[in-house]
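As a plain string of letters, each chain reads:
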Amino acid sequence: MAPRCNICSQDVDEKQVESHVDSTQHKENKAKLSKKIERGSDLSVVKVWQSSLGS
C-alpha cells in the first residue's frame, strides 16, 4: 500500500516520498493551498449570527 499525498491527491511510492515533497508540482500545489482566498468575508457564520442577535 503506497502513501497518498493529500496535497497532490495522488499515490506516491514510499521510496520516492522525499523526492515527491521536493518536486515542483508538490510545491506549486502547496502554495496554491496556502494562499488566502480573497472572496467572501473574514467573518465566520457564527460571528454574523451572533451579531444579528445583538450579542
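Provided above is the structure to which this section pertains.
Everything numeric in this text was worked out from a predicted model, so none of it was measured.

Side note on the overall build of the protein
Thinking step 1. Helix and strand content of the protein: 3 helices and 2 strands.
Thinking step 2. Counting helices and strands in the order they occur from the N terminus, the protein gives β-β-α-α-α.
Thinking step 3. Each of the 55 residues in the protein was classed as buried or not, and the buried ones make up 13%.
Thinking step 4. Summed over all atoms, the accessible surface of the protein reaches about 5,200 Å², with 52% contributed by carbon and sulfur.

Here's the deal with the side chain of His-20
Thinking step 1. Within the secondary structure, His-20 sits in helix α1 (residues 17-21).
Thinking step 2. Among the polar contacts made by the side chain of His-20, one reaches the side chain of His-26 at a distance of 3.3 Å.

Thresholds applied
- Residues numbered from 1 in each chain as written.
- Predicted model: local features only at pLDDT ≥ 70, side-chain atom pairs only at ≥ 80, totals over all residues.
- Heavy atoms only, no water.
- Helix = DSSP H or I, 4+ residues; strand = E, 2+ residues; numbered from the N terminus.
- Buried < 20%, exposed > 50% of the residue type's maximum accessible area, 1.4 Å probe, protein only.
- Areas by Shrake-Rupley, 256 points an atom, 1.4 Å probe, with all protein chains shown as cover.
- Polar contact = N/O pair within 3.5 Å; in protein donor to acceptor, adjacent residues only side chain to side chain.

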